[in-house]
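Listed below are the residues making up each chain.
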Amino acid sequence: MLSLFPQTNADAGARFAALDRSQAVIEFNLDGTILTANSNFLDTVGYTLDEIRGKHHSLFVDPDFRSSAEYAAFWTSLKQGEYQAARYRRFGKGGREIWIEASYNPLLGRDGKPFKIVKFATDITRQMQEQAELKGQVEAIRKSQAVIAFDLDGNILEANTNFLAAVGYSLDEIKGRHHSMFVDPALRGGTDYQEFWRKLKAGEYQAGQYRRFGKGGREIWIEASYNPILDASGRPYKVVKFATDVTQQMNLLGHLRQIIDRNFGDIDTALDHSGHEAREATAAVTSTSSNVQMMASAAEELAASVAEISQSMTNSRTATETAFNEAKSASEFTDKLSTATSAMGGIVGLIQNIAGQINLLALNATIEAARAGEAGRGFAVVATEVKNLAAQAARATEQITAEIDAVQSVSSGVVEALAKIQGSVETMRDHVISVATAVEQQGAVTQEMSSNMQGAAHSVASISNNIGAISSAVGRVSQAVSTTKEAAVVLAR
């Protein structure tokens, strides 16, 4: 067999040195015993040369794979000089998993028979992990989403079970047909649909919510992304769509739009009504505030008038008490005058008695003077004068008696009048006391009423301000509801 690269031993050495610098290299006997390994290989597996030299290649293999027929056949083919190359799962020091891209190369002697094996390897552990992650992501997407692939003209290449379940077709029914079979016939020939596929063919990503039609013309809504897939040169060669069936959500959103329209219509009506009521309440409160303010002023004036009346009644009560006491004192003095008059009657009686005795003595003296004759004439004159004096005393006594009787009569009238006055004054005092007490209570009530009316005036003013604030708030709520309605409509699209 001729070599593609005729070379001298020096060229071969230089070529091998280049491989030794760039790749992980290890050499084995035909039975798989390790002869040597370069630093790149040792760094990859984490061993030193002394730890692996003389040991079998199976040191790097999964223990379950070591005793398998496949592993025995692998070394049998190498012993026979057959080249082996692939990606291999191996294990480094401590059981660390390693992935390598490697070629096992039997070296032939002059007799054409293999005498040892040289492996050139590249550590692709990181690439394999990334590929595994990407593969896992793709598989997860394919499990959770509806996936369909198209060529750049829109012809269907393949679709997963999720997509087929969403549209109700089998793969044989759609494979090779155009994407337009899922589109509203009225849109298929439109410029928007043509532009849609032009952008995909140019490698532009497309995503959104799309209205599509499944088997039997059943309407479907999907949330989908159309993803142009690029080849190694960066040119798109197919389109993969990842989709989620959102038909139920769209139906709910349609119902939500109806609810939004109905509810916001009710809210608008309620706000209009609230605004109208607030305006009427503002007008009513303004009028009420004026009336209450007038009532508060009147109540305050009434309280002042009642306070003056209360003060007058207090003075009247004091004057009545004084009159009652004075009447009582006058009655007591009248009683004393009546008593004194009665006593004077006794004295008059005594004087009358004395006058009678004097008159009797004068009579006896006259009789004795007559008996005495001439000798008793002077005595008779005296007796006559005494008799005259007694008569004058009697007349004076009678006059005094008449005057005393008149005084007693007047005193009795005065006593009766004073008694009546005292009763009337007492009755008046009781009434004055009752009226004064009532006026005091009325004054307290009127004062409290005045305070309450002032408080009511302030409260009505506060209510007026609050209704103004409510009216303003209703306006803001109306604006907020309008904004919310717009946002809800956007949300429900």
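As a reminder, the structure under discussion sits directly above these lines.
These figures come from a predicted structure and were not determined experimentally. (Residues numbered from 1 in each chain as written. Predicted model: local features only at pLDDT ≥ 70, side-chain atom pairs only at ≥ 80, totals over all residues. Heavy atoms only, no water.)

### Considering the overall build of the protein
- Within the protein one finds twelve helices and ten strands.
- Looking at the protein as a whole, 29% of its 493 residues qualify as buried.
- Split by element, the accessible area of the protein, about 30100 Å² in all, is 56% carbon and sulfur. (Helix = DSSP H or I, 4+ residues; strand = E, 2+ residues; numbered from the N terminus. Buried < 20%, exposed > 50% of the residue type's maximum accessible area, 1.4 Å probe, protein only. Areas by Shrake-Rupley, 256 points an atom, 1.4 Å probe, with all protein chains shown as cover.)

### Brief notes about the sheet that holds strand β8 (residues 206-213)
- Across the sheet, five strands lie side by side as β7-β6-β10-β9-β8; this open sheet has antiparallel pairing. If you trace the sheet from one side to the other, it starts and ends with β7 (156-159) and β8, each paired once. Taking the axes of each pair of neighbouring strands and ignoring which way they run, one obtains an average angle of 30° across the sheet.
- Along the sheet, helix α10 (residues 191-201) makes contact with β6 (146-150), β8, β9 (219-230) and β10 (236-245), crossing β8 at roughly 135°. (Pairing = 2+ DSSP bridges. Axes fitted to C-alpha atoms, helices over the stretch in contact; angles between N-to-C directions. Contact = heavy atoms within 4.5 Å.)

### Quick word on the packing of aromatic side chains
- Per the stated rule, a full pass over the model turns up 18 aromatic pairs.
- Judged by centre distance (5.6 Å) and plane angle (75°), the ring pair of F150 and W197 falls under edge-to-face. With F150 in strand β6 and W197 in helix α10, this residue pair connects regions lying 47 residues apart in the sequence. Comparing F150 with W197 shows no difference in burial state: the two are buried. (Phe/Tyr/Trp six-rings, centres within 6.5 Å; stacked < 30°, edge-to-face > 60°.)

### Comments concerning the side chain of S103
- In this fold, S103 is placed in strand β4 (residues 97-108).
- What makes S103 buried here is its relative accessible area of 13%.
- Here the side chain of S103 touches N105 through a polar contact of 3.1 Å, side chain to side chain.
- In contact with S103, other than residues within four places in its own chain, are Y83, Q84, A85, V118, K119 and F120. (Polar contact = N/O pair within 3.5 Å; in protein donor to acceptor, adjacent residues only side chain to side chain.)

### Examining the pairing of strand β1 (residues 24-28)
- Most of β1 sits out of view: five of its five residues are buried.
- With burial as the criterion, each face of β1 is covered, one bearing A24, I26 and F28 and the other bearing V25 and E27.
- Pairing analysis gives five bridges linking β1 to strand β5 (residues 114-123), with the strands arranged antiparallel. By the bridge assignment for β5, F28 is matched with I117.

### Description of the nonpolar core
- Ranked by size, the top nonpolar core spans 25 residues in total, and within it I148, F163, I174, F182 and Y226 carry the most contacts.
- Secondary structure elements with two or more residues in this core: β6, β7, α7 (161-167), α10, β9 and β10.
- For I174, the residues in contact, after removing those within four places along its chain, are I148, I156, A159, F163, L164, Y169, M181 and F182.
- In terms of nonpolar packing, the next biggest core, distinct from the first, is built from 24 residues, A37, V45, V61 and I117 among them. (Core = buried A, V, L, I, M, F, W, Y, C linked by side-chain atoms within 4.5 Å.)

### With respect to the pattern of salt bridges
- Inspection of the entire model under this criterion finds twelve salt bridges.
- E27 is paired through a salt bridge with K116; the nearest N and O atoms lie 2.8 Å apart. Pair noted here: E27 is in strand β1 and K116 is in strand β5, with a separation of 89 residues, a long-range link.
- The exposure class of E27 is buried, given its relative accessible area of 13%.
- For E195, the salt bridge goes to R198, with nearest N and O atoms at 2.7 Å. Taken together, the positions of E195 and R198, both in helix α10 and three residues apart, correspond to about one turn of that helix.
- Look at E195 and you get partly exposed, because its relative accessible area is 31%.
- Residue R198 is classed as partly exposed on the basis of its relative accessible area, which comes to 44%. (Salt bridge = Lys/Arg side-chain N within 4 Å of Asp/Glu carboxyl O.)

### With respect to the environment of H276
- Among the structural elements, H276 can be located in helix α11 (residues 247-372).
- Taking the relative accessible area as the measure of exposure, H276 reaches 36% and is therefore partly exposed.
- Between the C-alpha atoms of H276 and S471, which are 195 residues apart in sequence, the distance is 9.1 Å.

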